[in-house]
Amino acid sequence: MQPPPRKVKETQQVKVVFAEQVGRLHTKQQQEVELLEDIRSFSKQRAAIEKEYSQALQRLAVQFQKRDWQRGKADALSSGSVFGVWRLVVDSTAQNAVSRLAAADAYRTLSGHASRTLRNAKELRVKRGLEQLQRVQGELVEALRELQKVKKSYYQLSHIASVAREKAADAQTRAKKSEHGIFHFRTGLQKMSVKLSSRLRECDERLTEVRNEYLMTLAAINAHHHHYYITELHDIMECMDGDLYVQLRGHLTVLCGTEMDVCLSTHRDLNRIWDSVAKVTRERNVQQFLQESPCFTKTSGFSFQLAPHDMVCILQSVGADGESCLEKEARKWSSKVAKDYKIITHGERALHTLNQRLKLLSGETGAGVERKLVEVEESVRKAKVSKVKAESRLALLSEAGVGVEPWLGSAMTEAEEELERARRLSEQRLSVGDFSDLDDEFDLTDFEDYDENRDIFMDPTSGAGVCVYPLPCRVLFSYQASQSDELSIMEGEELQVIEDGDVEDWLKARNLSGQVGYVPERYLQFQSSPVDHAMSGPGSQLDSSFSSTSSAGTTRGRQLSSHPGGLARALYSYQGQSADELSFPEGALIRLRRCGNRDVDDGFWEEPAHPSPPSLLSPHPHPNL
């Protein structure tokens, strides 16, 4: 049996890209801060040495020409790069080493403009922007983790349904045969076929529910991912830059104008610099930065990955009586879109009013308004993200043939009416000079009352659980580690799984010697099935019965052979065919003694009084149950 490929999880890939984005942005901002410091330092030194001869000026220019600007290698005239313009200025200074005595005052003024205050303001904007970016990225990573959980539940239920389907088909085939053996009779086989068919229907319904949840969560994650690259990342970068490029353009313009006034002989070179400075804009520089940093380019969206035994990749409705589950989802998400729209509209009005108040206030009162502005902006931002995800869910429901428009139209109409009532009430209070409830008007905490990541299809009392580590298990197949972070294991060895790890179908485990490493998940047999940890509720007993019988006869034999004694639970009822055989009902607990009296495995275990067929038994790990 070959181990699964070492495939890195999507959450880990996204985290790596996000870390690279933060690093690149930090480097970009550091370069711009260094540029401000260089302009200030250059102007100050230039004002001091303008009284000296061109030789001193040349040494200064050479000093800055040695700097290796990563973004300064492009053509300044065509690209509009502020770093390219800066290099062009320094080169022109080196070529035109003449007396600059008359320009000493102009350079001193420029040094004052490019002061440390501007640099400190830039560093503060960078700090706030990076903190905001990490919060936004954390939200997307957390949402992607939820997607991975739903995906794992979907794969597990797909496997259970596949096993149930195989057993049902096998039972039907055996029921159609007219042969009568000592261990097979028509009535028992027909009952088994009916029971397995019923269980198969239950599995298919549960698989449909989890698949629907997976599809809708996937649509929401893709919408969130798209919104991050198109809107949030752009807004954060713009906030971090501020008016830096406008100020840089002003500094460079002063520098070039001074040069042209002082020395007409350098007019041609400095005129080229003047033209290039006019092209320095934030848009050009950011575009060049994005071209040099592919990590900021929106990656391809996440796609639905079919389970090995599932052929359905679209939404399907469950339940034929009354309102279907998809219609309930359409109603719920239409209300969610309307609620987010109301929060966004109300928040934008609040921001407009708060900005007007902020212009008239100062001191502690102004600081309080600024804090309220930040809170409202954050609430509006979250509402926009939530609205995008809810609309994507509605679009997917509409593609599946669900009538979304009536629900959405009704919800939006109600939201518009509520907003209009709130607007009139606010205008009434303001017209009479009543500001007592103004703070309540800006309170958008209703947004926090709704958890958009809660379970959609599953009943709240039967939601998915979480595996509790360490988890004991037994090795089914030996495996020799091929990488430094893997663990060599032997068949029958006892392990403890300590964490899920970052690689699909691999788990991090610890052996009895304390050694830790990755092992293939399929090589392990858990004392309690992982599905039991992930699922709970009325259908958990069904999952356990299928997971315990998911392997073929070879695997079952290995499981029973690993339990030479103890208790076993009967999976099916059995009527003894001879005097030395034991009859028992389904679910009965039977104490096993040994596997027969002969050296040949005849398929029977020996109970203290009678032998029993192991194909109808399941090892029971808890003798006291």
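Computed from a predicted model, the values in this text were never measured in an experiment.

Details of the overall build of the protein
And then number 1: Scanning the protein from N- to C-terminus turns up 17 helices and 10 strands.
And then number 2: For the protein, the residues scored as buried account for 44% of the 625 residues in total.
And then number 3: The long-range fraction of contacts in the protein, counting pairs at least 24 apart against all pairs at least 6 apart in sequence, stands at 75%.
And then number 4: For the protein, the computed accessible surface area is about 32500 Å², with 51% contributed by carbon and sulfur atoms.

Notes on the packing of aromatic side chains
And then number 1: Evaluation of the coordinates by the stated rule reveals 13 aromatic pairs.
And then number 2: Consider the rings of Tyr214 and Phe304, whose centres lie 4.9 Å apart with planes at 45°: the pair is tilted. Placement of Tyr214 in helix H7 (residues 186-241) and of Phe304 in the loop between helix H10 (282-292) and helix H11 (325-360) is noted, with a sequence separation of 90 residues between them. Each member of the pair Tyr214 and Phe304 is classed as buried.
And then number 3: Taking 5.8 Å as the distance between ring centres and 75° as the angle between the ring planes, the aromatic pair formed by Phe477 and Tyr523 counts as edge-to-face. Pair noted here: Phe477 is in the loop between strand E1 (471-475) and strand E2 (494-499) and Tyr523 is in the loop between strand E4 (516-520) and strand E5 (524-526), with a separation of 46 residues, a long-range link.
And then number 4: Judged by relative accessible area, Tyr523 falls into the buried class, the value being 3%.
And then number 5: Linked through ring pairs, Tyr154, Tyr155, Tyr214 and Phe304 together constitute an aromatic cluster.
And then number 6: For the cation-ring pair, Lys28 lies above Phe289, with the distance from its terminal atom to the ring centre recorded as 5.8 Å.

Focus: the sheet that holds E5
And then number 1: Here we have 5 strands laid out as an open sheet, ordered E4-E3-E2-E1-E5, and antiparallel in their pairing. Strands with a single pairing partner mark the edges of an open sheet, and in this sheet they are E4 and E5. Strand-to-strand twist of the sheet, defined as the mean angle between neighbouring strand axes without regard to direction, takes the value 50°.
And then number 2: In this structure, E2 lies alongside strand E3 (residues 506-510), joined through 3 bridges in antiparallel fashion. Within the sheet, the bridge partner assigned to Glu499 lies in E3 and is Lys508.

Description of the pairing of E2
And then number 1: Across 4 bridges, E1 lies against E2 in antiparallel orientation. Bridge assignment links Pro472 to a residue of E2, and that residue is Gln496.
And then number 2: The turn linking E2 back onto E3 is made up of 6 residues, and Gly501 within it adopts a positive phi angle of 85°.

Some details on the side chain of Arg282
And then number 1: Residue placement: Arg282 occurs in helix H10.
And then number 2: Setting aside anything within four residues of it in sequence, one finds Arg282 in contact with His234, Met237, Glu238, Asp241 and Tyr245.

Side note on the packing of helix H4 (residues 82-95) against helix H9 (residues 267-278)
And then number 1: Orientation of H4 relative to H9, taken along the N-to-C sense of each, is 170°, at an axis distance of 10 Å. Here H4 is positioned roughly antiparallel relative to H9, judged by the angle of their axes. Residues Val85, Leu88, Val89, Ser92 and Gln95 of H4 pack against Asp269, Leu270, Ile273, Ser276 and Val277 of H9.

A few points about the packing of helix H1 (residues 10-49) against helix H2 (residues 54-65)
And then number 1: Contact geometry of H1 with H2 gives a least axis separation of 10 Å together with a crossing angle of 170°. Comparing the axis directions of H1 and H2 gives the class roughly antiparallel. When H1 is examined against H2, the residues Asp38, Phe42, Gln45, Arg46 and Ile49 are found in contact with a partner set consisting of Ala56, Leu57, Leu60, Gln63 and Phe64.
And then number 2: Residues that form the contact of H1 with H2 fall into these classes: 6 nonpolar, 2 polar and 2 charged.

Points about the pattern of salt bridges
And then number 1: With the rule as written, the count across this model stands at 24 salt bridges.
And then number 2: Glu139 is paired through a salt bridge with Arg381; the nearest N and O atoms lie 2.9 Å apart. One end of the pair, Glu139, is in helix H6 (residues 116-176); the other, Arg381, is in helix H12 (residues 363-399), and 242 residues separate them in sequence.
And then number 3: Given the relative accessible area of 26%, Glu139 is considered partly exposed.
And then number 4: In the salt-bridge network here, residues are joined through shared partners; they are Lys28, Glu32, Lys122, Asp241 and Arg282.

Quick word on the nonpolar core
Nonpolar side chains in soluble globular proteins generally cluster together in the buried interior.
And then number 1: Judged by nonpolar contacts, the single largest core of 58 residues is most densely connected at Leu25, Tyr228 and Leu397.
And then number 2: Listed by contribution, the elements that provide at least two residues to this core are H1, H6, H7, H10, H11 and H12.
And then number 3: Contacts of Leu25, omitting those with residues within four sequence positions, involve Leu130, Leu133, Met237, Met240, Phe289 and Phe296.
And then number 4: In terms of nonpolar packing, the next biggest core, distinct from the first, is built from 32 residues, Ile39, Tyr245, Met260 and Val280 among them.

Quick word on the environment of Ser111
And then number 1: Here Ser111 lies in helix H5 (residues 104-113).
And then number 2: Given the relative accessible area of 13%, Ser111 is considered buried.
And then number 3: Remark: the alpha-carbon pair of Ser111 and Glu37, spanning 74 residues in sequence, is separated by 9.7 Å.
And then number 4: If sequence neighbours within four positions are ignored, Ser111 has contacts with Arg40, Ser43 and Lys44.

Some thoughts on H2
And then number 1: Under the 1.5 Å per step criterion, the end-to-end length of H2 is 16 Å for 12 residues, consistent within 8% with the ideal 16 Å.
And then number 2: Every buried residue of H2 is accounted for by Ala56, Leu57, Leu60, Ala61 and Phe64. The arc that holds every buried residue of H2, seen down its axis, measures 140°, which confines them to one face. Across from the buried face of H2, at angles greater than 90 degrees, the exposed residues are Gln55 and Arg59.
And then number 3: Contact partners of the buried residues in H2: H1 and H4.

So, the confidence of the model for the protein
Should the pLDDT be low somewhere, the predicted coordinates at that spot are not to be read in detail.
And then number 1: Residues with a pLDDT of 70 or more make up 75% of the protein, whose mean pLDDT is 76.
And then number 2: Mean pLDDT per element in the protein: helix H16 (residues 540-548) is the minimum at 38, and E4 is the maximum at 92.
And then number 3: Note that residues 444-465 has pLDDT below 50 and, in this model, 48 contacts with residues that lie over four places away or in other chains.

Cut-off values and rules
Residues numbered from 1 in each chain as written. Predicted model: local features only at pLDDT ≥ 70, side-chain atom pairs only at ≥ 80, totals over all residues. Heavy atoms only, no water. Helix = DSSP H or I, 4+ residues; strand = E, 2+ residues; numbered from the N terminus. Buried < 20%, exposed > 50% of the residue type's maximum accessible area, 1.4 Å probe, protein only. Contact = heavy atoms within 4.5 Å. Areas by Shrake-Rupley, 256 points an atom, 1.4 Å probe, with all protein chains shown as cover. Phe/Tyr/Trp six-rings, centres within 6.5 Å; stacked < 30°, edge-to-face > 60°. Lys NZ or Arg CZ within 6 Å of the ring centre and 35° of its normal. Pairing = 2+ DSSP bridges. Axes fitted to C-alpha atoms, helices over the stretch in contact; angles between N-to-C directions. Parallel < 35°, antiparallel > 145°, perpendicular 65-115°, else oblique. Nonpolar A, V, L, I, M, F, W, Y, C, P; charged D, E, K, R; others polar. Salt bridge = Lys/Arg side-chain N within 4 Å of Asp/Glu carboxyl O. Core = buried A, V, L, I, M, F, W, Y, C linked by side-chain atoms within 4.5 Å. Expected span 1.5 Å × (residues − 1). Arc of directions from axis to C-beta. pLDDT = per-residue confidence, 0-100.

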